[in-house]
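Residue strings, one per chain:
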Amino acid sequence: MSFDTTKTSLKDLLGQVHEGKLQLPEFQRDYVWNEGDVRSLLESIAKGFPVGALLTLERGGSIEFKPRGIEGTSVEGVAPEHLLLDGQQRMTSLYKTIFSKDPARVRTAKGQVVERFFYLSIEAALEPMCDLEAAIELVPPDRVRRTNFGKDVELDLSSPEREYEQMLFPLNQTLDPLTWILGCIGHWSDKGQPRMADIQRFQNEVLNRIQSYAMPVIKLAKDNSREAVCTVFEKVNVGGKKLDAFELVTAIYAASGFDLREDWAGTQSKHGRLGRMREKVTAKGVFADLAS
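Just so it is clear, the structure is predicted and the values come from calculations on it, not from any experiment. (Residues numbered from 1 in each chain as written. Predicted model: local features only at pLDDT ≥ 70, side-chain atom pairs only at ≥ 80, totals over all residues. Heavy atoms only, no water.)

**Q** Is there a simple way to think about the overall build of the protein in this case?
**A** Secondary structure summary: the protein contains eleven helices and twelve strands in total. Summarising its shape, the C-alpha atoms of the protein cover approximately 80 × 50 × 35 Å along the three principal directions. Every one of the 292 residues in the protein was classed for burial, and the buried ones make up 43%. Summed over its atoms, the accessible surface of the protein is roughly 15,700 Å², and 50% of this surface lies on carbon and sulfur atoms. Each charge class in the protein can be summarised by its mean position, and for the 38 positive and 42 negative side chains these summaries are 5 Å apart. (Helix = DSSP H or I, 4+ residues; strand = E, 2+ residues; numbered from the N terminus. Buried < 20%, exposed > 50% of the residue type's maximum accessible area, 1.4 Å probe, protein only. Areas by Shrake-Rupley, 256 points an atom, 1.4 Å probe, with all protein chains shown as cover. Lys, Arg positive; Asp, Glu negative; His and termini not counted. Charge placed at Lys NZ, Arg CZ, Asp CG, Glu CD.)

**Q** Help me out: how do you make sense of unusual backbone geometry in this one?
**A** Keep in mind that most residues, glycine aside, have a negative phi and that most peptide bonds are trans. In this structure, Phe-149 takes a positive phi of about 60 degrees despite not being glycine. Locating Phe-149 in the fold gives a position in the loop between strand S9 (144-147) and strand S10 (152-156). One non-glycine residue, Met-167, adopts positive backbone phi at about 55 degrees. Note on placement: Met-167 falls in the loop between helix H5 (160-166) and strand S11 (168-170). Given a relative accessible area of 1%, Met-167 falls into the buried group.

**Q** I would appreciate a short explanation of the pattern of salt bridges in the present structure.
**A** Two side chains of opposite charge can pair, provided their charged atoms sit close to one another. Under the criterion given, the structure shown has 13 salt bridges. The salt bridge partner of Arg-145 is Glu-154, with a shortest N-O separation of 2.7 Å. The salt bridge involving Asp-198 is made with Arg-195; its shortest N-O contact spans 3.6 Å. Given a relative accessible area of 32%, Asp-198 falls into the partly exposed group. Residue Arg-195 is classed as buried on the basis of its relative accessible area of 15%. In this structure, a network of salt bridges that share partners links the residues Glu-123, Arg-195 and Asp-198. (Salt bridge = Lys/Arg side-chain N within 4 Å of Asp/Glu carboxyl O.)

**Q** Mind showing me how you'd approach the sheet that holds strand S5 (residues 82-86) here?
**A** In any sheet, the strands associate via hydrogen bonds between backbone groups, in a parallel or an antiparallel arrangement. Read across the open sheet, the six strands follow the order S1-S12-S3-S5-S2-S4; overall the sheet is mixed. Unpaired on one side and paired on the other, strand S1 (3-9) and strand S4 (67-68) mark the two borders of the sheet. With four bridges joining them, strand S3 (residues 54-58) and S5 adopt antiparallel strand pairing. Bridge assignment links Leu-55 to a residue of S5, and that residue is Asp-86. Each of strand S2 (22-25), S3, S4, S5 and strand S12 (214-220) touches helix H3 (residues 88-99); the most contacted strand, S5, lies at about 115 degrees to it. (Pairing = 2+ DSSP bridges. Contact = heavy atoms within 4.5 Å. Axes fitted to C-alpha atoms, helices over the stretch in contact; angles between N-to-C directions.)

**Q** Honestly, the confidence of the model for the protein in this entry has me stumped. Any pointers?
**A** One rule of thumb: low pLDDT means the predicted coordinates there are not for detailed reading. Looking at the protein as a whole, the pLDDT averages 90, with 96% of positions reaching at least 70. Element-level pLDDT for the protein is lowest in helix H9 (residues 245-254), with a mean of 73, against a maximum mean of 98 in S11. (pLDDT = per-residue confidence, 0-100.)

**Q** What should I look at first to understand the pairing of strand S6 (residues 104-107) in this one?
**A** One face of the sheet, then the other: side chains in a regular strand alternate in exactly this way. Where burial is concerned, the two faces of S6 differ: the one with Ala-104 and Val-106 is buried and the one with Arg-105 and Arg-107 is not. Where S6 and strand S7 (residues 113-121) come together, four bridges link them in antiparallel fashion. Note on S7: the bridge partner recorded for Arg-107 is Val-113. Here S6 folds back onto S7, and the loop between the two strands holds five residues, one of which, Gly-111, carries a positive phi near 90 degrees.

Shown next as structure tokens:
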């Protein structure tokens, strides 16, 4: 097994995702983390805690997985340098919350998929023994959070001035915060209430830690065999919802350019193997409960 282990700054990793240098293998399923997962990840990053290593595969060897960009990127037609075999949920969540200017897709506690912008309360973040996870605020795409079936406004962050007034920092400006910070300092200076010390402390103690965060990356070299890569992929994909045997076999066949999932389940326009078998028996026949 040929591999290299190194630490790479989160800022550089997200830049690689944005440019398409780091993409997913096409067979990776789509995934939406819930709000609690994303909050917990952001808290760990902001406190400098470890969040696990990423696993990547160098392109250009005998194994050629079809690539696709991480959700929210526009990299169609870009040839990646590496594929992300493990870390999709973490990198997608971080890209959508602290890099992308679009809202992140997350799942609520009730399982509903929604779009949200993430903010961090400056005042709460500076409290001793701060619970950073609780200091994170989520708002809809229009940046106005409502209650009472949309009748009452609970939190309005629809303009920079409203963000400054609430001292809520938009996390998607974390990697380039200077414009927002200067605007916030100016806002409070105009009101005769200088908050420069608090804002600079927030930058030094929270934002700088996120900006300098480094993640360990295990890089599989392109000269590894198909069997070695698929074995490693199977062993590392054990967090969260485990991959089942069918998904692992799908990954193995994908290395040979064969889409097992499509062959089995078919498409909207034609049956796959399962559909063709079911055509030959009654609706409640022997293949009715057959699964992948």
